Amino acid sequence: METLKVDLGPRSYSIHIGSGVLERVDLLLPHLAQPKVALITNETVAPLLLAACARRLREAACQVVEIILPDGERFKNWQTLDQIFNALIAHSCERDTTLIALGGGVIGDMAGFAAACFQRGAPFIQIPTTLLAQVDSSVGGKTAINHALGKNMIGAFHQPRLVLIDPDSLRSLPERELRAGLAEVIKYGLIRDLPFLEWLERNIEKLLAKDPAALLWAIHRSCRDKAEIVAADERERGERALLNLGHTFGHAIEAGQGFGQWLHGEAVAAGTMMACELSRRLGWLDAGEVDRIQALFERAALPVRGPRLDPDRFIELMWRDKKVRNNRLRLVLLERIGQAAVREEAPLADIREVIASRS
Ligand code: NAD
Ligand code: GLY
């Protein structure tokens, strides 16, 4: 097992990564303020992992409230959040009851937001079970639900007390979900970590084949990148915004197509290629660099173009994302491969043309 730390002063926490970590209830116990925990998962993950997880906690004298939610991005909303609150209140959970998210990014974001709100803030622990959640969403304390008009519009920053990552849990992950997770892995290479990108170019097929050593390394390196960024900029005043490469385009794709039609990682891949194309138009990337990035996404069988969406509607959705400041669209673009920056000067006409040419 390897351990990384997210250094946030009194809110610092560990990320334990390793095969079999899910069985290590001893790692979890010191972080519980009381023996009662709410284990939150969904209908897909429950038959795979819930029973063993709950049993181990009960054997360690924990009182476990199991909360099983419907599966899917389209359920990342108020109604499902309310299901969590209903169960917490019905089972007399308290402010010290730890909420444990067992699932992908949807469960992690919702359980985390429930924890941020329940009795004005309950502790929570992340046990991510998708690649995307293991490399990105479980770390950093961003929690949210979607609004019909925009992705992750309602949320809070609420850091977990602990993140437990067991790559073995990815064995049952469908291939499409694995590929979606790779979009966020590639992101770290593009925005700040050229050696990691080069490693990905050498090893992407191993990752697609779920090679355990390659997966472990990619998860570790991604979490290291993310932990460094979050420690430097917890509330996204600066560097953390770079993690949104491709996301403003991507969120517009997700919302425009209807949540759940395009997977988050798929939308991020297509959105990243739009951001790359815009970076080329502004003179930062050259055509060869755009081709190089596209080739990696293609090898990961990820989309490099968005769906057909009316450009006006697309831009309207981008405008609603959380990236507008002083009425200017702030986009993460690549100054070169391995170095991203937030830029406001992209002309609307160029953005429109990129959307049209990449859809
Ligand atoms: P997801 O949570 O919908 O999981 C994908 C699918 O895999 C679901 O059907 C799920 O039930 C299933 N699944 C989960 N674990 C499994 C396993 N071990 N075996 C088999 N199936 C399994 O999607 P995701 O890609 O994990 O997360 C996407 C969400 O994360 C989006 O809502 C996105 O906005 C959010 N996100 C948040 C952050 C953040 O910083 N908070 C960062 C990136 C993405
Ligand atoms: N995934 C974006 C962030 O955590 O900031």
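Cut-off values and rules
Residues numbered from 1 in each chain as written. Chains lettered and ligands numbered in written order. Predicted model: local features only at pLDDT ≥ 70, side-chain atom pairs only at ≥ 80, totals over all residues. Heavy atoms only, no water. Helix = DSSP H or I, 4+ residues; strand = E, 2+ residues; numbered from the N terminus. Rg over C-alpha atoms; globule rule 2.2 N^0.38 Å. Contact = heavy atoms within 4.5 Å. Areas by Shrake-Rupley, 256 points an atom, 1.4 Å probe, with all protein chains shown as cover. Lys, Arg positive; Asp, Glu negative; His and termini not counted. Charge placed at Lys NZ, Arg CZ, Asp CG, Glu CD. Expected span 1.5 Å × (residues − 1). Bend = angle between axes of the 7 residues up to and from the residue. Pairing = 2+ DSSP bridges. Core = buried A, V, L, I, M, F, W, Y, C linked by side-chain atoms within 4.5 Å. Buried < 20%, exposed > 50% of the residue type's maximum accessible area, 1.4 Å probe, protein only. Arc of directions from axis to C-beta. Near = heavy atom within 4 Å. Polar contact = N/O pair within 3.5 Å; in protein donor to acceptor, adjacent residues only side chain to side chain. Nonpolar A, V, L, I, M, F, W, Y, C, P; charged D, E, K, R; others polar.

Caption draft 1: Examining the overall build of the chain more closely. When helices and strands are counted, the chain shows 13 helices and 13 strands. The C-alpha radius of gyration computed for the chain amounts to 20 Å, which stays within 12% of the reference 21 Å derived for 359 residues, consistent with globular compactness. Along the first, second and third principal axes, the C-alpha set of the chain runs to 60 × 40 × 35 Å. For the chain, the share of sequence-separated contacts (at least 6 apart) that also reach a separation of at least 24 residues comes to 75%. Accessible surface, the chain as shown: approximately 14100 Å² in total, 49% of it carbon and sulfur. Charged side chains in the chain number 45 positive and 46 negative. The centres of these two groups are separated by 3 Å.

Caption draft 2: Focus on helix H7 (residues 194-208). Taking 1.5 Å per residue, 15 residues should reach 21 Å; H7 reaches 20 Å between its end C-alpha atoms and fits that length. At Arg202, H7 shows its maximal bend, which comes to roughly 60 degrees. Here the buried face of H7 lies against helix H6 (175-192), helix H8 (212-232) and helix H11 (287-299). Directly after H7, the chain includes Lys210, whose backbone phi takes a positive value near 55 degrees.

Caption draft 3: Spotlight on the pairing of strand E13 (residues 339-343). Relative to E13, strand E12 (residues 331-336) runs antiparallel, the two sharing 5 bridges. Among the inter-strand pairings, Leu331 is bridged to a residue of E13, identified as Arg343. Turn length for the E12-E13 hairpin, with the two strands adjacent in sequence and antiparallel, is 2 residues, and the turn residue Gly338 shows positive phi of about 95 degrees.

Caption draft 4: Layout of the nonpolar core. In this structure, Ile15, Leu131, Phe249, Phe297 and Ile351 are the most contacted members of the largest nonpolar core, which totals 77 residues. Non-local contacts of Leu131, meaning those with residues more than four positions away in its chain, are made with Leu170, Leu173, Leu178, Gly181, Leu182, Val185, Leu215 and Ile219. Counting residues in hydrophobic clusters, the runner-up holds 24 residues, among them Cys93, Ala114, Ala115 and Phe118.

Caption draft 5: Representation of helix H2 (residues 46-59) in the model. Between the first and last C-alpha of H2 there are 19 Å, a value that for 14 residues agrees with the 20 Å anticipated at 1.5 Å per step. The set of residues buried in H2 consists of Ala46, Leu49, Leu50, Cys53, Ala54, Arg56 and Leu57. Buried residues of H2 fall within an arc of 160 degrees about the axis and therefore sit on the same side. Counted as exposed and oriented over 90 degrees from the buried face of H2: Pro47, Ala51 and Glu59. The inward-facing, buried residues of H2 abut helix H1 (25-28), strand E3 (36-42), strand E4 (63-69), strand E5 (98-103) and strand E6 (124-128). Ala61 lies just past H2 and shows a positive phi near 70 degrees.

Caption draft 6: Broad picture of the site of ligand 1. Near ligand 1 you find 27 residues, and of these Asp71, Glu73, Lys76, Thr129 and Thr130 are the closest. Here an oxygen atom of ligand 1 sits 3.3 Å away from a polar atom, N or O, in the side chain of Asn152. Note that a nitrogen atom of ligand 1 is positioned 2.9 Å from one of the backbone N or O atoms of Ser169. Coverage of ligand 1 by the protein chains reaches 91% of its 870 Å² of free accessible surface. Those elements that provide at least two residues to the shell around ligand 1 are helix H4 (105-117), helix H5 (131-137), strand E8 (150-157) and H6. Its residues assigned to classes, the shell around ligand 1 shows 6 nonpolar, 11 polar and 10 charged.

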